[in-house]
Amino acid sequence: MSLFLTLLQDTPTTEVAKAVEQINGDMGMLWMLIAGILVFLMQAGFTLVESGMTRAKNAVNIAMKNLLDICVGSLTFWLVGYSLMYGDTSNGWFFWSGLFQGEGADLFFQTMFAATTATIVSGAIAGRTKYSTYIIFSIVMTAVIYPISGGWQWQGSGWLTEMGFIDFAGSSIVHSVGGWAALVAAFMVGPRIGKYVNGKVLPIPGHNQVLATLGVFILWFGWFGFNGGSQLAWGGADSIAASNVVLITNLSAAAGGLGALITTWIWYGKPNLAQTLNGCLAGLVSITAGCGNMTAGGAVLAGLIGGVIVVFSIEIIEKKLKIDDAIGAASVHGVAGAWGTLVIGLWGVDGDTAIGLFNGGGASQLGVQATGVLAYAAWSVALSFIVLGILKATMGLRVSKEVEIEGLDISEHGSIAYPGVRVRDFDEDK
């Protein structure tokens, strides 16, 4: 150690600075790679959550859609998506620098976000949507819808960036875009057979809540990379910042789970597992935008409220709007994503400076955040309606009644997930 210090003292200051900068750069690249790998694992979490919360006869179809998303997302984002998101711009709205842009850890990390956005739609329309139609929509989502709007803030010269809009890891850019698309898709595809009968809303419980729980744990784990990796650097102050982001993320997720648990215990009379799982996810979504601009206490409150909001949102969408979102994706990602973006304007901070309405920072940041929330909602809803409308008029969105009753696994993929229970499941549906 003494020899190292002696050598360090004998080395010119500029050379030491260059060496430190090189080490920090290498560590930053390594951190982004690790974080990207964690986000990749979230696809497994989505697969388990979506399949566990829906019928067993559609489990293979769910798995195939999640596999499709990572395959399609990886190729389309590499082909055009990265350029549409991070390319050159003259107006802050549209970006382009040619095909096959991006490289290394940066391209890999950003690709995982694109795939996540598409996957959000999968669960909402489970059990009645044509696989061929979903393929087309997944391509459009990862190649066009997500990248263009993402550039508005993350490219660095986008119109929302210039306004001062904050979305650290994507409550609106990723989750709300996916969530609002999921809501539009669920509306246009229509409810599952047996969901609404004679004016009554009937539950269609998932086939394995333990799988769904495991999926939420995997998503929670992967979210540490999703948010922490969005620091995009490691070393010195960046190491401290990224570590705090991971801590803040965990606190909000825990609070979201408790918020939903307490709400359902009071409302339903018993703590509900499915809603509590959604509460954990809502807590994660609620802090994704502000994980770099929130105190620990602020993160807990944001997640807690997000967990409460998601329970009411699921009830309203299902029972008042009569839109059959099979797993509550629109509420978890769309509604909680909007909340997570707005909360920065309520009690967010910029270092030691308050920027929220309730902590002395004024109302300006809240206005900017609201503008971003509305912009992403309008973009996602409009583009989803256009794309799905074209698909509905040409290919069709929905499978036949017979196929839906039999299950999409057999008709769409020629295989089933659980051969031992399939006959009983089919008899129950008849």
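Scoring rules and cut-offs
- Residues numbered from 1 in each chain as written.
- Predicted model: local features only at pLDDT ≥ 70, side-chain atom pairs only at ≥ 80, totals over all residues.
- Heavy atoms only, no water.
- Helix = DSSP H or I, 4+ residues; strand = E, 2+ residues; numbered from the N terminus.
- Buried < 20%, exposed > 50% of the residue type's maximum accessible area, 1.4 Å probe, protein only.
- Contact = heavy atoms within 4.5 Å.
- 1 Å grid on protein atoms, 1.4 Å probe; cavity = no way out; pocket = protein on both sides within 12 Å on 5 of 7 lines; lining within 4 Å.
- Points joined across faces, edges and corners; volume = space filled by probe spheres on them.
- Nonpolar A, V, L, I, M, F, W, Y, C, P; charged D, E, K, R; others polar.
- Expected span 1.5 Å × (residues − 1).
- Bend = angle between axes of the 7 residues up to and from the residue.
- Core = buried A, V, L, I, M, F, W, Y, C linked by side-chain atoms within 4.5 Å.
- Polar contact = N/O pair within 3.5 Å; in protein donor to acceptor, adjacent residues only side chain to side chain.
- Phe/Tyr/Trp six-rings, centres within 6.5 Å; stacked < 30°, edge-to-face > 60°.
- Salt bridge = Lys/Arg side-chain N within 4 Å of Asp/Glu carboxyl O.
- Axes fitted to C-alpha atoms, helices over the stretch in contact; angles between N-to-C directions.
- Parallel < 35°, antiparallel > 145°, perpendicular 65-115°, else oblique.
- Left-handed = near helix turned anticlockwise from the far one by under 90°.

Participant: I'd like a rundown of the side chain of T111, residues and numbers included.
Facilitator: Within the element layout of this structure, T111 appears in helix α4 (residues 104–124). Taking the relative accessible area as the measure of exposure, T111 reaches 5% and is therefore buried. Setting aside its immediate chain neighbours within four residues, T111 contacts G73, S74 and F77.

Participant: Before we move on, could you go through the layout of surface pockets and cite the residues and values that matter?
Facilitator: Looking at the largest pocket, its volume works out to about 680 Å³. Together, 29 residues line the largest pocket, and P203, I204, P205, A274 and E318 are the ones closest to its centre. For the lining of the largest pocket, the secondary-structure elements that each account for two or more residues are α8 (209–228), α10 (273–288) and α11 (296–320). Along the lines of polarity and charge, the residues of the lining of the largest pocket split into 15 nonpolar, seven polar and seven charged.

Participant: Break down unusual backbone geometry for me, with residues and values.
Facilitator: The backbone phi angle of N198 is positive, close to 55°, even though this residue is not glycine. Along the chain, N198 falls in the loop between β1 (196–197) and β2 (200–201). The exposure class of N198 is exposed, given its relative accessible area of 77%. Here the phi dihedral of K322 falls at roughly 55°; this positive angle occurs in a residue that is not glycine. Structurally, K322 is set in the loop between α11 and α12 (329–342). A residue is classified by how much of its surface remains accessible, and K322, at 37% relative accessible area, is partly exposed.

Participant: Tell me about the environment of L247, and name the residues and values.
Facilitator: Its place among the elements puts L247 in helix α9 (residues 237–268). In the structure, L247 is positioned 23 residues away from F224 in sequence and 8.6 Å away in space, judged by C-alpha atoms.

Participant: Give me α12: which residues, what numbers.
Facilitator: Every α-helical turn comprises 3.6 residues, leaving residues that sit three or four positions apart pointing alike. Taking 1.5 Å of rise per residue, 14 residues should cover 20 Å, and α12 covers 19 Å from first to last C-alpha, within 8% of that figure. At A336, α12 is bent by approximately 30°, the largest bend along its length. The buried fraction of α12 is high, at twelve of 14 residues. Taken residue by residue, α12 has A329, A330, S331, V332, H333, G334, A336, G337, A338, W339, G340 and T341 as its buried positions.

Participant: Can you tell me about the nonpolar core, naming the residues and giving the values?
Facilitator: Counting residues in each nonpolar core, the largest one holds 105 residues, and the members touching the most others are F137, M141, Y146 and W152. In terms of residues, this core owes the most to one element, helix α7 (residues 171–189), which gives twelve residues. What M141 contacts, discounting residues up to four positions off in sequence, is T117, A118, V121, Y146, P147, V177 and A181.

Participant: Just give me the short version of α10, but keep the residues and values in it.
Facilitator: Taking 1.5 Å as the rise per residue, α10 with 16 residues should run 22 Å; its terminal C-alpha atoms sit 23 Å apart, in good agreement. The N-capping residue of α10, defined by a side-chain oxygen 3.1 Å from the backbone nitrogen of A274, is N272.

Participant: Any chance you could break down the packing of aromatic side chains for me, citing the residues and the numbers?
Facilitator: Summed over all chains, the structure comprises 19 aromatic pairs. Here F77 and Y82 contribute two aromatic rings whose centre-to-centre distance is 6.1 Å and whose plane-to-plane angle is 85°, an arrangement assigned as edge-to-face. In this structure F77 comes out as buried when scored by relative accessible area, which is 0%. In this structure Y82 comes out as buried when scored by relative accessible area, which is 12%. Here W152 and W379 contribute two aromatic rings whose centre-to-centre distance is 5.4 Å and whose plane-to-plane angle is 70°, an arrangement assigned as edge-to-face. Placement of W152 in helix α5 (residues 131–154) and of W379 in helix α14 (residues 364–394) is noted, with a sequence separation of 227 residues between them. Classification of W379 by relative accessible area gives buried; the value is 16%. In this structure an aromatic cluster arises from ring pairing among W93, W152, W159, F165, Y376 and W379.

Participant: Tell me about the pattern of salt bridges, and name the residues and values.
Facilitator: Oppositely charged side chains can form a pair if their charged atoms are brought close together. A full pass over the atoms with the stated rule returns four salt bridges. A salt bridge links K195 to E318; the shortest N-O distance between them is 2.8 Å. With K195 in the loop between α7 and β1 and E318 in helix α11, this pair connects stretches of sequence that are 123 residues apart. Assigned by exposure class, K195 and E318 land together as buried. With a closest N to O distance of 2.8 Å, R398 and E404 form a salt bridge. A relative accessible area of 5% means that E404 is categorised as buried.

Participant: Any chance you could break down the packing of α9 against α11 for me, citing the residues and the numbers?
Facilitator: Running from N to C, α9 and α11 cross one another at 40°; their axes reach a closest spacing of 7 Å. With respect to their mutual orientation, α9 and α11 come out oblique. Note on packing geometry: the crossing formed by α9 with α11 is right-handed. Between α9, through I248, L251, S252, A255, G256, G259, A260, T263, T264, W267 and Y268, and α11, the contact on the second element is made entirely by A296, A299, V300, A302, G303, L304, G307, V308, V311, F312 and E315. Its residues assigned to classes, the contact of α9 with α11 shows 14 nonpolar, seven polar and one charged.

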